Amino acid sequence: MANTQQMASAIRALAMDAVQLANSGHPGAPMGMADMATALWGQHLQHNPSNPHWMNRDRFVLSNGHGSMLIYALLHLSGYKLPMGELKNFRQLHSKTAGHPEVGITPGIETTTGPLGQGITNAVGMALAEKLLAKEFNREGHAVVDHHTYVFMGDGCLMEGISHEACALAGAWKLNKLIALYDDNGISIDGQVAPWFIDNTPQRFAAYGWNVIDAVNGHDAAAVSQAIASAKQSSTQPTLIVCKTSIGKGSPNRANTAKAHGEPLGAEEIKLTREAIGWSHAPFTIPKEVYADWDAKEAGRAREKAWDTAFAAYQSAYPALAKELLRRMKGDLPKNFVQTAVDTVIAAHTKSETVASRKASQLALEAFTAALPEMLGGSADLTGSNLTNTKSTPNLRFDAQGHVIQTADAQGHLVGGRHINYGVREFGMAAIMNGVALHGGFIPYGGTFLTFSDYSRNAIRMAALMKQRVIHVFTHDSIGLGEDGPTHQSIEHAASLRLIPNLDVWRPGDTAETAVAWTVALQNKTKPTALLLSRQNITYAPKAESALAPNACGLDAISKGAYVLAEPSEVGLKKKAQAVLIATGSEVQLALQAQTLLATRKIAVRVVSMPSNTTFDHQTPAYKASVLPEGIPRIAVEMGVTEGWWKYGCCAVVGIDTYGESAPAPVLFKHFGFTPENVADTVEAALRAKR
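Predicted model, so just to flag it, every value in this text is computed and none were measured.

## Here's the deal with the sheet that holds strand S6 (residues 211–217)
In space, the five strands of this open sheet follow the order S1-S2-S3-S7-S6, with parallel pairing throughout. Whereas interior strands pair on both sides, the edge strands pair on one side only; in this sheet they are strand S1 (59–62) and S6. Neighbour to neighbour, the strand axes of the sheet diverge by 15 degrees on average, direction disregarded. Packed on one face of the sheet, helix H5 (residues 118–137) meets S1, strand S2 (149–153) and strand S3 (178–184) and runs near 170 degrees to S2. Here helix H8 (residues 201–208) sits on the sheet and contacts S2, S3, S6 and strand S7 (239–244); the angle it forms with S6, its principal contact strand, is near 160 degrees.

## Topic: the packing of H5 against helix H7 (residues 161–172)
Look at H5 against H7: their axes get within 9 Å of each other, and the N-to-C directions meet at 20 degrees. Looking at the two axes, H5 sits roughly parallel to H7. Considering only the axes of H5 and H7, their crossing is left-handed. Contact with H5, carried on its side by Gln-118, Ile-120, Thr-121 and Val-124, involves Ile-162, Ser-163, Ala-166, Cys-167 and Ala-170 of H7 and no other residues of that element. Here the residues of the contact of H5 with H7 sort into six nonpolar, three polar and no charged.

## Thoughts on the sheet that holds strand S12 (residues 419–421)
Ordered in space as S12-S9-S13-S14-S16-S15, the six strands form an open sheet in which the pairing is parallel. Edge positions in the open sheet fall to S12 and strand S15 (504–506), since each of these has one partner strand only. For this sheet the average axis-to-axis angle between neighbouring strands, irrespective of direction, equals 20 degrees. Judged from the five bridges that link them, strand S13 (residues 443–449) and strand S14 (residues 471–475) form a sheet pairing that is parallel. When the bridges of S14 are listed, Tyr-445 appears paired with Ile-471.

## Topic: the environment of Phe-311
Note that Phe-311 resides in helix H12 (residues 297–317). Take Phe-311: its relative accessible area is 6%, and that puts it in the buried class. In the structure, Phe-311 is positioned 167 residues away from Val-144 in sequence and 6.2 Å away in space, judged by C-alpha atoms. Not counting residues within four places of it along the chain, the set of residues in contact with Phe-311 comprises Val-144, Ala-322, Leu-325 and Leu-326.

## Thoughts on the nonpolar core
Ranked by size, the top nonpolar core spans 120 residues in total, and within it Phe-152, Trp-173 and Ile-241 carry the most contacts. Those residues in contact with Phe-152 that sit more than four places away from it in its chain are Met-33, Met-36, Ala-37, Leu-40, Phe-60, Val-61, Leu-62, Ser-63, Asn-64, Leu-70 and Leu-181. Among the nonpolar cores identified, the runner-up in size contains 74 residues, and Tyr-648, Ala-652, Val-654 and Ala-680 belong to it.

## Looking at unusual backbone geometry
One can expect most non-glycine residues to show negative phi and most peptide bonds to be in trans. Look at Lys-467: it is not a glycine, yet its phi comes out positive at around 60 degrees. Locating Lys-467 in the fold gives a position in the loop between helix H18 (453–466) and S14. The residue Asn-502 is not glycine, and still its phi comes out positive at about 70 degrees. Mapped onto the elements, Asn-502 comes out in the loop between helix H19 (493–498) and S15.

## Some details on the pairing of S2
Across the five residues that make up S2, a large majority, five, are buried. What you see with S2 is no split at all: Thr-149, Val-151 and Met-153 on one side and Tyr-150 and Phe-152 on the other are buried throughout. In this sheet, S2 lies alongside S1 in parallel orientation, the contact comprising four bridges. From the neighbouring strand, Val-61 faces S2, where its bridge partner is Val-151. Taken together, the five bridges between S2 and S3 define a ladder with parallel strand orientation. The residue of S3 that forms the bridge with Tyr-150 is Ile-179.

## Quick word on helix H17 (residues 426–439)
With 14 residues, H17 should reach 20 Å at 1.5 Å per residue; the first-to-last C-alpha distance of 20 Å fits that figure. In terms of burial, H17 is a largely internal element, 14 of the 14 residues being buried.

## A closer look at the side chain of Thr-383
Among the structural elements, Thr-383 can be located in helix H16 (residues 383–386). Taking the relative accessible area as the measure of exposure, Thr-383 reaches 18% and is therefore buried. Leaving out residues up to four positions away in the same chain, Thr-383 has contacts with Thr-388, Asn-389, His-419 and Asn-421.

## Some words on the pattern of salt bridges
Considering all chains together, one arrives at 24 salt bridges under this definition. With its nearest N and O atoms 2.4 Å apart, the salt bridge here joins Asp-146 to Lys-177. Placement of the pair is Asp-146 in the loop between H5 and S2 and Lys-177 in the loop between H7 and S3, with a sequence separation of 31 residues. For Arg-606, the salt bridge is made with Glu-567, and the minimal N-O distance between the two is 2.8 Å. Highlighted residues: Arg-606 in strand S20 (residues 605–609) and Glu-567 in the loop between strand S18 (563–566) and strand S19 (579–583), separated in sequence by 39 residues. Relative accessible area serves as the criterion here: at 13%, Arg-606 is assigned to the buried category. Because the salt bridges share partners, they merge into one network encompassing Asp-477, Arg-498, Arg-507, Glu-587 and Glu-638.

## Description of the side chain of Ser-612
Relative to the assigned elements, Ser-612 resides in the loop between S20 and helix H23 (613–616). Ignoring anything within four residues of it in the chain, the contact list for Ser-612 reads Asp-504, Val-505, Trp-506 and Gly-561.

## Side note on helix H15 (residues 357–371)
Here H15 spans 21 Å end to end across 15 residues, near enough to the 21 Å set by a 1.5 Å rise per residue. Most pronounced at Leu-365, the bend in H15 amounts to some 30 degrees. Among the residues making up H15, those that are buried are Ser-357, Arg-358, Ala-360, Ser-361, Gln-362, Ala-364, Leu-365, Phe-368 and Thr-369.

## Section: the environment of Pro-486
In this structure, Pro-486 sits in the loop between S14 and H19. The class for Pro-486 is partly exposed, based on a relative accessible area of 35%. In the structure, Pro-486 is positioned 175 residues away from Glu-661 in sequence and 5.4 Å away in space, judged by C-alpha atoms.

Here is what the cut-offs are and how they apply
Residues numbered from 1 in each chain as written. Predicted model: local features only at pLDDT ≥ 70, side-chain atom pairs only at ≥ 80, totals over all residues. Heavy atoms only, no water. Pairing = 2+ DSSP bridges. Helix = DSSP H or I, 4+ residues; strand = E, 2+ residues; numbered from the N terminus. Axes fitted to C-alpha atoms, helices over the stretch in contact; angles between N-to-C directions. Contact = heavy atoms within 4.5 Å. Parallel < 35°, antiparallel > 145°, perpendicular 65-115°, else oblique. Left-handed = near helix turned anticlockwise from the far one by under 90°. Nonpolar A, V, L, I, M, F, W, Y, C, P; charged D, E, K, R; others polar. Buried < 20%, exposed > 50% of the residue type's maximum accessible area, 1.4 Å probe, protein only. Core = buried A, V, L, I, M, F, W, Y, C linked by side-chain atoms within 4.5 Å. Expected span 1.5 Å × (residues − 1). Salt bridge = Lys/Arg side-chain N within 4 Å of Asp/Glu carboxyl O. Bend = angle between axes of the 7 residues up to and from the residue.

Just distances and angles here, no functional claims.
Next up, the structure:
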């Protein structure tokens, strides 16, 4: 029988030793949660250390990611490819044991945590994905999608507002396979939390509709294990297990103090702690019998082998379903995707509709959601404005028993809902989408106004850091939204989003560009995308055949992020361009109008549409030079801050470096200089300055 006390002591020792060697880190949380971890990982977690990507594994999220040595110790002890040398290299350059857990770096890490509250929110997304996939793919006698999502979290996660957003949704969605263990130690960096954190957490979660198991001794592994077993019986509710613990458990002088939180214990205190917990072994030394108690490789292989046998039976009975589930979990797009994309772009070009780009987005979504069942949409209480819903994506709903309600789709087939009403919870929506993407099986997208991307920003950044395919639909992208005024008018947001590494940002100027933007976003397997869309209508911009010629990827030249939209010859001037106008989104039409006006002044201008700076920046130097030739002035036009445009060698920018005003859009355009006359005058001034 496993010695759970020694198993927990191994975690405490490794946490102390690694933090001390690095002279940096957080030993208190791992020491306090060691018994909780022993209960979960030792007796309940369904995983296979030999295959961290086994499809039906339980997901474990350490939401309080500063306690990263807890999960590194667990991964090492249970048999993952995380050797002791990596634990000794804790927090060092290029190690697999970074200061906070990072997905894709360390085997067995499910999500990057550290920004508090986002881990539990990611876990809500993972649990939702599991529930929806189970409903879609499981058949009677064939439960091939059947796993739990476990979360460890602390006071900091619960103080962050995002936890309220996510946990309320988890209760509404009846995510009964979500089990959160709360490390209730009452300590944060500033000391005892009682003066500033007085929430009755059990009552709060009960109000969300959670099953709450309160006042569990977090240092009694048997009691924690019993609570987990009870939680697994819940059929309609997620479960919160409140584990009463001592931060820095075992440390004679640091336990239950803020000093245990974020600094090494010190050599003398570590010596005293070893004596107190009965651990006489040298630093980074684990006895064979403790390794044997922790080793999960054999049990993991047996679990996966049993699942493989069950999945083989499922494949035999339902070959098409099995093939589709495997495709979606791999993140591969359907074989007909490229043709769907080409057809969608060509249809947009042929119809040449004058619509807002938010409507153009919905038109593209109609085609893509019909072809891609993995697309899971939603909106933060702005569906009628964001236009993220389609005929193929009925609203997601659950019955009183927690089952997914099925409704008829456009073809009359019964399907589960694929459009989520997130409520007014932008940050929660963004981080839940990250969790859905991390789980696999879905491509999540969600909408809100562009100005509210500020609420979502850290989750957007985390998606970029984690290289996850998440698509943000941001509408009402400029002063063009009009009367709502400066609180809602995005000025700095496009430039700000473009600063996030590995985030693809698109601001399309008509229906074809919008269809291409969606195509690229869906193909961006290792990065998130932000689509910035207008409220006001945009006239379709005629395009040369070369811009619409399919390339090897099934896309057109627009997919390169910028292209030559109109040469001087198209407005009757048979001479080389004297200047280049670069525009995005709704301002492309403004640039075209200015080009026509300048032609009457005998000034030849090339118009370049640049729907995606971030995509264009990755093109070859030769392509960039073909679009933006050297030696002639470049003038950018965008209803946003001018910062960011100067890197393209612009000599002038028609932009807005102040906040907007409340007035009808046409009045605002004139007031802030977004008129053909002002753009034309700016070009003329640039040419005079060049002389």
